[in-house]
Amino acid sequence: MLILAKGLEDYMLPCLNKQLLGFDCMGCGLQRSVALILNGQLIDAFFMYPAIYTLIAFFGFLIVNSFKNFKHSNKIIIILALANVLIIVISYLIKLYLK
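As the structure is a prediction and not an experimental result, all values here were calculated from the model. (Residues numbered from 1 in each chain as written. Predicted model: local features only at pLDDT ≥ 70, side-chain atom pairs only at ≥ 80, totals over all residues. Heavy atoms only, no water.)

### Some thoughts on the overall build of the chain
And step 1. Across its full length, the chain carries six helices and zero strands.
And step 2. For the chain, the α and β elements follow one another from N to C terminus as α-α-α-α-α-α.
And step 3. Split by element, the accessible area of the chain, about 7400 Å² in all, is 73% carbon and sulfur. (Helix = DSSP H or I, 4+ residues; strand = E, 2+ residues; numbered from the N terminus. Areas by Shrake-Rupley, 256 points an atom, 1.4 Å probe, with all protein chains shown as cover.)

Shown next as C-alpha cells:
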C-alpha cells in the first residue's frame, strides 16, 4: 500500500481555486488525506482533511445500503450528509480565518 500511496502523489490534481483565486477551496486536502490513509498515517489524514472519516462512513453506508436496505436508511443518509457538510464548512472556516 505504501507504493500505491506514493504513486498517487504523482497524479494528484492541483486546486484550480487556489491557483486562480489564491485561496483554498472546501475540498483542499482531500486527495492528500486519502494518500495519508493509504500510507497508514491516520491521525495526519484527519488533520489534513477533518471530514475524511465521516465521508468514508457516508460513502460506505451508501454502498452497503445499495445491496441491503435498512429500515431508517433515509434518515441515516441525511444525518451523515449533514454531519459531513457541517464538518467541511466549520473546518474550512477555521482554516480560512485562523491561519
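Past the structure itself, the notes keep going.
### Some remarks on the confidence of the model for the chain
And step 1. Predicted confidence across the chain gives a mean pLDDT of 86, with 90% of residues reaching 70 or more.
And step 2. Confidence, read as mean pLDDT per element, is least for helix 1 (residues 2-9) in the chain (60) and greatest for helix 5 (residues 52-67) (95). (pLDDT = per-residue confidence, 0-100.)

### Quick notes on the packing of aromatic side chains
And step 1. Applying the stated criterion to the full structure yields three aromatic pairs.
And step 2. Judged by centre distance (5.5 Å) and plane angle (70°), the rings of Phe46 and Phe47 are edge-to-face.
And step 3. On the accessibility criterion, Phe46 (36% relative accessible area) is partly exposed.
And step 4. Residue classification places Phe47 among the exposed residues on the basis of a relative accessible area of 63%. (Phe/Tyr/Trp six-rings, centres within 6.5 Å; stacked < 30°, edge-to-face > 60°. Buried < 20%, exposed > 50% of the residue type's maximum accessible area, 1.4 Å probe, protein only.)

### Focus on helix 5
And step 1. When the terminal C-alpha atoms of helix 5 are compared, their 23 Å separation across 16 residues agrees well with the 22 Å that a helix rising 1.5 Å per residue should span.
And step 2. The complete set of buried residues in helix 5 reads Ile52, Leu55, Phe58, Phe61 and Asn65.
And step 3. Packed against the buried residues of helix 5 are helix 3 (30-38), helix 4 (42-48) and helix 6 (73-98). (Expected span 1.5 Å × (residues − 1). Contact = heavy atoms within 4.5 Å.)

### A few points about the side chain of Ser73
And step 1. Tracing the backbone shows Ser73 in helix 6.
And step 2. Residue Ser73 is classed as buried on the basis of its relative accessible area of 10%.
And step 3. Not counting residues up to four positions away in its chain, the partners in contact with Ser73 are Phe61 and Asn65.

### Section: the environment of Ala45
And step 1. With respect to the helices and strands, the residue Ala45 is situated in helix 4.
And step 2. Given a relative accessible area of 0%, Ala45 falls into the buried group.
And step 3. In this structure the C-alpha to C-alpha distance between Ala45 and Gly29, which are 16 residues apart in sequence, comes to 8.8 Å.
And step 4. When sequence neighbours within four positions are dropped, the list of residues in contact with Ala45 reads Ser33, Leu36, Ile37, Ile52 and Tyr53.

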